[in-house]
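# Results of the structural survey
These are the residues of each chain, in order.
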Amino acid sequence: MADNVIEARGLLKLYGSQRAVDAIDLEIHRGEIFGLLGPNGAGKTTAILMMLGLTEISGGSVEVLGFNPVREPLEVKRRVGYLPDSVGFYDHLTARENLAYTARLLDIPRSQAGRRIMEALESVKLADVVDKRVATFSRGMRQRLGIAEIVMKQAEVAILDEPTSGLDPHATFELLEMIRGLKRTGVAVLLSSHLLDRVQSVCDRVALFNKGKIALMGTVVQLANQVLGAGHPILVEAQGIDVAAALRGVEGVQSVVPEGPQESGGGAWRVMADRDVRAAAAQRIVSAGGSLTRLADLQPSLEEVYTRYFQEARHAA
Amino acid sequence: MPRSAVRRAGSPFTGLRPVFMKELSDHLSSVRMLVLTLFVIVFGALPVGFALNDLRNVVVSDPYLFLRIFTVTPERVGLSFIEALNFIIPLMAIGLGFDSINSEFNRRTLSRVLSQPLYRDALLLGKFLGGLATLAVALVALWLIVLGAGLLLLGLPPRGVEVARGIGFLVVAIAYGGVWLAVAMLFSVIFRSTATSALCSLGLWLFFLILWPMIASVITVGFTPSQFTSIDQMVAVAELGQALERLSPNILFREAVVGLLNPETRSLGFMLPMQMRGAIPGAPLPLDQSLILIWPPLTGLIAGMIVLFTVAYIVFQREEVRA
Ligand SMILES: Nc1ncnc2c1ncn2[C@@H]1O[C@H](COP(=O)(O)OP(=O)(O)OP(=O)(O)O)[C@@H](O)[C@H]1O
Ligand SMILES: [Mg+2]
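Per chain, residue numbering runs from 1 following the sequence as it is written. Each chain gets a letter, beginning with A, and each ligand a number, beginning with 1, in the order they are written. The model is predicted, so local features are restricted to residues of pLDDT at least 70 and side-chain atom pairs to those at 80 or more, both for listing and for counting; the totals for chains, interfaces and linings are taken over all residues. As a rule here, side-chain values cover all heavy atoms of the structure and leave hydrogens and water aside.

### Thoughts on the nonpolar core
Formed by 114 residues in total, the largest nonpolar core has its most connected members in Ile6(A), Ile159(A), Leu190(A), Ile69(B), Phe70(B), Phe169(B) and Val172(B). Helical segments are the DSSP runs of H or I of at least four residues, strand segments are the runs of E of at least two, and each set is numbered from the N terminus. When residues in this core are grouped by element, the largest group, 16 residues, is from helix H8 (residues 160-190) of chain B. In this description, contact between two residues means that some pair of their heavy atoms is separated by no more than 4.5 Å. When neighbours within four sequence positions are excluded, Ile6(A) is seen to be in contact with Leu26(A), Glu27(A), Ile28(A), Met51(A), Val62(A), Glu63(A), Val64(A), Val157(A), Ile159(A) and Leu190(A). The nonpolar core is taken to be a set of buried Ala, Val, Leu, Ile, Met, Phe, Trp, Tyr and Cys residues, with the residues joined through side-chain atoms within 4.5 Å. For every residue, the accessible area obtained with a 1.4 Å probe (protein chains only) is divided by the maximum for its type, and the residue is called buried under 20%, exposed over 50%, and partly exposed between those limits. Counting residues in hydrophobic clusters, the runner-up holds 55 residues, among them Ala103(A), Ile147(A), Cys203(A) and Leu216(A).

If you want it as C-alpha cells, here you go:
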C-alpha cells in the first residue's frame, strides 16, 4: 500500500449502457513512470478523470495517495498535478500571471509563490518568456507551461493526458526529458500517449488499454514476451565462419535466421534465445575463429507489440 | 452512486477568494467593460442631461428635487433615467455573464482549473460574485456621477433622506443586475457556444421587456367575465393581472424603484377607493413606509437571483469537464 500512489479496484464507468472503463485494476508505484496506451476511445481519459474526482465513478473504487477522490477530492487535487490533453491557459495573461492564479488557488503563501513560479518556469526553459502573454505561445510552450504548473505545485503524482500529441520530434524529445526530470525529483508519473516508441523510452511499466479493459500490463519486455512470444532477440554480424552453425550450439538459443542479404563468408543474423546470450555468442564466434563485427541487443519494440496485439484482438473479435 | 449520497470533505468555499479576485480584475481591465461603460454613458447621459435641464426651470420648491433627476421623463427624450437603466442593467449583466463558464470550457482551461483544490461551487460562485461586484462598481460610479452632475447644475446638495432613498435604489439595481447575471450564467453553463448563450439571454430579456406584458394582459382578459357581479371578482381579476406581470424581473425592478424614488407612491398595485380613505393624496410617505412598500418586489428579485443561480449550480455539477 505504502508504495502505491494510485490503486484502482474494479474501477467502472458507464455512459448509458456503454462501458467506457470496464472494471479495471491498476496500481501505480511510487516514483515510476507508467504509460497508459490504447487506441482512440479506449477509455484512457475517462479513467484519468475518475482518479481526479472530475467525473463520477459508476462502480469499484480508486485511491490516490490514500485518499478517495470521490469523498476527498480536495486532498487528492492538492497533491496531484494534471495536464489535460490540449491544455489551455488564459491567453490575455502572461505565463507568470497564469501560474500566479494557480498558486493562489493552491493557497501557496505569497512570499514563496514568486520564487516557486520562477523556478518552475526555469525548469521547463520558459524563463525568457515569463512576461509574454500566453496567446503568443506555441503548442509546445503551452505543454511545457503545463509541466511548469505541476512542478510549481510540488505534486507527488503527475497525470499527463497525451502530453506529446501535436508536438514535433524535437519538442517531444524535450518534453519527455522534462518528464524524466519529474521522475528524478521523486514524482510518480502516469501518462497516456499514442507515440509508442517515445513512450517506450521513458516508461517503466505500461498498460495496454482496449475497449475499456486493460489488455496487458507490465514492463515493455514482459509485454513483448506475452505478445510476440518469449525470447530475447539479438543481432549478430560476423565474418569468416558459418555463424548459424556456430550459434545453434549455444545454450538457450532457439532460432538463428539471416537478417538482410547474406554476403559470402559472412552477414547479419537475428538470433532468438530465451535469455540474453550476447556474451556466450561472442565467445563462441571468436573461439571458432570468426571475426565479430557487430553484436546488438534487439529491444522488442512497443510498436510491434501494440500492432500485433490489436491485430490479434481484431481477428479474435 | 448518486452524488447526493456522497459526503464531500472540505469546505465548498475553498478557492472562492482567488476566483472572485481574478474575475473582478479580468472584468475591470477588459475591453468589454470599456464598451459597456461607453454604452452606459451614452444611454444614461441623455435622460439625465435633459432631466436636469428641465428641472432647473422648475420654480416651485420640490423637497425631492434630487430624486426627480431619476424619475422625470424629459419631453425631448421620452425616457426617464430609471427607464434607461431598465435597459442598461440587463445588458450589462448579460454582457458580463454570458460566457463565464463556456468560455473557460472553450479555452480548455476548465479541467485544468478544476484539477486544482477547489469545488465547482467555488468556481461558479466566485464568478457570479465577481460579475456582481463589477456591476456594483459600475452602478455606484454611475450614481455618483449623476449625483455630482445634479450638485453642479441644480446648485444645492441632496438632503439626507434623498441620499438614503438613492442608496436603497442602488441595492435594488444591483439585485436586478444579479437576476440577469444569473440568467446569463445559467445559459453559459447550459450551452457550449458563447453565441448561443448570448442569444438566449438577450432573447429572454426581450421576451420580458416586450412580449410578457402583452401575454399577461391577454391572459387576464381571458379570465375577465363579460360583467362583474361583485367587487371581489373585480379585485380577483386585477390581482391576477398583477401577479402575472410580477413574474417579470423588469416589472419588479420598476415597482421597487418607483416606490423608492417617488415618495408619493402609496401602493404598487391596484387600489380600491375605500383603501385610500384617510390618505392625503400627493403627500410623500416616510422612508420606512416606502421600504415596507418595496419589500416584496425587492425580495422577489433576490429570490429569483438565488433560484436561477441554484439551477445553474445543479446543471454545472452534472456537466462533463472534458473537452
Ligand atoms: N460524455 C460522454 N458521454 C457518452 N460517452 C462518452 C462521453 N465521454 C466519453 N465517452 C465514451 O467513452 C469512451 C472512452 O472515451 P475516452 O475519452 O476515455 O477515450 P480515450 O482513450 O481517452 O481516447 P482518446 O485517445 O481519443 O483520447 C469512448 O467510447 C467515448 O465515446
Ligand atoms: Mg483521451
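### Overview of the pattern of salt bridges
Residue and element names in this part refer to chain A. Salt bridge criterion: a side-chain nitrogen from Lys or Arg within 4 Å of a carboxyl oxygen from Asp or Glu. Tallied over the full model, the rule gives 26 salt bridges over all chains. We note a salt bridge from Asp22 to Lys213, for which the minimum N-O separation is 3.0 Å. Of the two residues, Asp22 is situated in strand S2 (residues 18-29) and Lys213 in strand S9 (residues 213-218); the sequence distance between them amounts to 191 residues. Salt-bridge contacts for Glu156 lead to Arg30; the nearest nitrogen and oxygen are separated by 4.0 Å. On the criterion of sequence distance, the pair formed by Glu156 in the loop between helix H5 (139-153) and strand S6 (157-161) and Arg30 in the loop between S2 and strand S3 (33-37) is long-range, its members being 126 residues apart. Relative accessible area serves as the criterion here: at 33%, Glu156 is assigned to the partly exposed category. With relative accessibility at 44%, the residue Arg30 sits in the partly exposed group.

### Describing the interface of chain A and chain B
In this assembly, 34 residues from chain A lie in contact with 31 residues from chain B. Carbon and sulfur atoms supply 57% of the area that chain A and chain B bury against each other, a total of about 3,000 Å² over both sides. On the chain A side of the contact with chain B, Leu74(A), Tyr90(A) and Leu105(A) bury the most area, a combined 23% of that side's loss. Pairs of N or O atoms are called polar contacts if they sit within 3.5 Å, as long as, within protein, a hydrogen donor faces a hydrogen acceptor (for residues adjacent in sequence, only side-chain-to-side-chain pairs). The tally of links between chain A and chain B comes to 14 residue pairs in polar contact (both at pLDDT 80 or more). If you list the elements that add at least two residues to the side of chain A that touches chain B, you get strand S1 (4-15), helix H1 (44-51), helix H2 (73-79), strand S5 (80-83), helix H3 (95-105) and H5 of chain A. By buried area we mean how much accessible surface two parts lose on assembly, using a 1.4 Å probe and totalling the loss over both.

### With respect to the domain arrangement of chain A
Residue and element names in this part refer to chain A. Here chain A is partitioned into domain 1 (4-218) and domain 2 (230-303). Contacts between domain 1 and domain 2 engage 5 residues on the former and 4 residues on the latter. For the pair domain 1 and domain 2, the summed buried surface comes to about 390 Å²; carbon and sulfur atoms form 64% of the total. Where domain 1 meets domain 2, there are 0 salt bridges. Along the contact surface separating domain 1 from domain 2 lie 0 residue pairs in polar contact (both at pLDDT 80 or more). Looking at which element gives the most residues to the side of domain 1 that touches domain 2, the answer is helix H7 (residues 196-202), with 3 residues. Nonpolar residues are Ala, Val, Leu, Ile, Met, Phe, Trp, Tyr, Cys and Pro. Charged residues are Asp, Glu, Lys and Arg, and all others, Gly as well, are polar. Within the side of domain 1 that touches domain 2, the residues separate by chemical class into 3 nonpolar, 1 polar and 1 charged. Each domain's limits were defined by an automated method or a database of domain assignments.

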